[in-house]
Amino acid sequence: VSIETLARFMDDCPTVTHAAYHAGQVREAERKAGIAAALRDSLQALQAGGSAADAVAKVQGAGEAIEAQGARTRIVSAADFAAVNRPEPPQVIRGVLRAGQIGFLSAASKAGKTWAMLAAGFAVSSGTRWFGWETTPGRVLYVNGELTPYDLEQRLKMLAAAMGFPGIPAGLDVWDLYGEGLGIPELTREVLRRQRMRGEPYSLVIPDPLYRFNQGRDENDNAVQSVTMGELSALANRSGASALVAHHFSKGNQSAKDHMDRGSGAGMFNRAPATIMTLTAHDEPGCYSLETTCRSFAQPAKAVVRWEYPLWKVDDTLDPERIKQHSGTGRAPKYTPEKIVEVLPENGWLSHGDWLKAAESATGIKRSRFNELVKIAKARQLVFSGFGKYSRTGGETS
């Protein structure tokens, strides 16, 4: 590797957090420089009286290099591809979202999405939990498109106090763009400039909300929204950060839809993000069912979160399946904590596995749903537990 390449790598990658990504960028720039040099050499040789055949050969060689560069990668065997042992990008939100990926959080209008986005910024910049999930500490940029400067300032101070911080975390940056109307490409350029200037990459960038940076594009047009999602991907890929954005539900009650279909607008909003989270109104006032689908991880367990101004708090006592229904058309969930507790013997204890088998036989419940309901039953103190076994009465166990 040339000294120039190493220098470029040091300039572009001042820390090791996203070294693999930046190394690829430097290699690509080096290949482009080699192509340009080959073209210059062939032209100079021809002008100096060299043979046309030699000049053509150099141009052809440069053309082959350009073609290879256009392809970006060569076709290789799957075994060779898998033999690279690439390091895993940082899990910014563990088990939910990696560096370089896009995450969507969708909910109804005025449900508290901006509070949730700001809380995500506080959580990642301090390495604390968000919606119960662990985070990897890193620098965060919150890009404000909707709050007035006064409101943003007050919310930052309220969250710091409510979350028990002595002040706003040092790792949280804000960029106030209220009323500015910039697009995502402008955000990307400034993020990259800021990273170069500080010598520290962002782990998470939060353009909040998405529609403020969508440049007036038709939300229902898949073709134009594919451009938006491409811009978000470029922001995440070029910066090495996760991009987390808030989106809104379509109008009306969303209970009859799959959670990934509750967001408003084009289907591209479902297909492009690596992670989709939804907050859907629960039948308990002030509570929402949090459901998450991830491209890179197993589906996280559903949860219920309660809005207690100014914080979102996980409530383990509520069943996430009990989402709010249309008036007069509500339906009871198929499985409840009470139903699985009924299969425990009146006197005696069952292991977790035996309890699952009994519940499967009696109700047809599946393991993942059973485990969710066991957690709720314990939180409500509907069962006693000890030594890996469960009882309705808490009587003697051998």
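Notes on the structure follow.

What counts, and at which threshold
Residues numbered from 1 in each chain as written. Predicted model: local features only at pLDDT ≥ 70, side-chain atom pairs only at ≥ 80, totals over all residues. Heavy atoms only, no water. Helix = DSSP H or I, 4+ residues; strand = E, 2+ residues; numbered from the N terminus. Buried < 20%, exposed > 50% of the residue type's maximum accessible area, 1.4 Å probe, protein only. Contact = heavy atoms within 4.5 Å. Polar contact = N/O pair within 3.5 Å; in protein donor to acceptor, adjacent residues only side chain to side chain. Axes fitted to C-alpha atoms, helices over the stretch in contact; angles between N-to-C directions. Parallel < 35°, antiparallel > 145°, perpendicular 65-115°, else oblique. Left-handed = near helix turned anticlockwise from the far one by under 90°. Nonpolar A, V, L, I, M, F, W, Y, C, P; charged D, E, K, R; others polar. Pairing = 2+ DSSP bridges. Phe/Tyr/Trp six-rings, centres within 6.5 Å; stacked < 30°, edge-to-face > 60°. Lys NZ or Arg CZ within 6 Å of the ring centre and 35° of its normal.

Observations concerning the environment of Thr135
As for its position among the elements, Thr135 is in the loop between α5 (113–126) and β4 (139–144). The class of Thr135 is buried, set by a relative accessible area of 3%. In this structure the C-alpha to C-alpha distance between Thr135 and Gln91, which are 44 residues apart in sequence, comes to 7.4 Å. Look past the residues within four positions of Thr135 in its chain and what remains in contact with it is Val92, Ile93, Arg94, Ala123, Val124, Gly127, Thr128 and Trp130. One polar contact links the side chain of Thr135 to the main-chain carbonyl oxygen of Ala123, over a distance of 3.2 Å.

Brief notes about unusual backbone geometry
A cis amide bond links Asp208 with the next residue in sequence, Pro209, at an omega value of -10°. On the secondary structure map, Pro209 appears in the loop between β6 (202–208) and α8 (222–239). Residue Pro310 is bonded to the preceding Tyr309 through a cis peptide linkage, with omega at 5°. Unlike most non-glycine residues, Asn85 shows phi in positive territory, near 60°. Within the secondary structure, Asn85 sits in the loop between α4 (78–82) and β1 (91–93). Judged by its relative accessible area of 64%, Asn85 is exposed. Positive phi, normally seen in glycine, also occurs at Phe387, with a value near 55°. Within the secondary structure layout, Phe387 lies in the loop between β13 (384–386) and β14 (389–391). The exposure class of Phe387 is exposed, given its relative accessible area of 86%.

A closer look at the packing of α5 against helix α6 (residues 149–162)
α6 packs onto α5 with a crossing angle of 60° between their chain directions and a minimal axis gap of 11 Å. By the angle between their directions, the pair α5 and α6 is classed as oblique. The handedness of the crossing between α5 and α6 is right-handed. Of the residues in α6, those in contact with Thr114, Trp115, Leu118, Ala119 and Phe122 of α5 are Leu152, Arg155, Leu156, Met158, Leu159 and Ala160. In terms of residue class, the contact of α5 with α6 is made up of nine nonpolar, one polar and one charged.

Some details on the sheet that holds β4
Here we have nine strands laid out as an open sheet, ordered β5-β4-β6-β7-β3-β8-β9-β10-β11, and mixed in their pairing. Two strands lie at the open edges of the sheet, namely β5 (172–176) and β11 (311–314), each paired on one side alone. Going from strand to strand, the sheet's axes swing by 25° on average, the running direction of each strand aside. The pairing of strand β9 (residues 287–294) with strand β10 (residues 303–308) spans four bridges and is antiparallel. Pairing of Ser289 across the sheet is with Val304, part of β10.

Things to note about the pairing of β11
Pairing geometry for β10 and β11, over four bridges, is antiparallel. Paired with Glu308 across the bridge in β11 is Leu311. Where β10 folds back on β11, the antiparallel hairpin that results is connected by two residues.

Section: the packing of aromatic side chains
Throughout the structure, instances matching the rule amount to 13 aromatic pairs. Aromatic pair Phe131 and Trp133: ring centres 6.3 Å apart, planes at 90°, arrangement edge-to-face. By the burial criterion, Phe131 is buried, and Trp133 matches it. Taking the centre distance of 5.2 Å and the plane angle of 85° together, the rings of Trp355 and Phe370 count as edge-to-face. A residue pair is termed long-range when its members are at least 10 positions apart, and Trp355 in helix α11 (residues 352–363) and Phe370 in helix α12 (residues 367–379) qualify at 15 residues. Taken as a pair, Trp355 and Phe370 share a single burial class, namely buried. Taken together, the ring pairs in this structure connect Trp115, Trp130, Phe131, Trp133, Tyr288, Trp307, Tyr309 and Trp312 into an aromatic cluster. The positively charged end of Arg86 is found above the aromatic ring belonging to Phe81, 3.9 Å away from the centroid.

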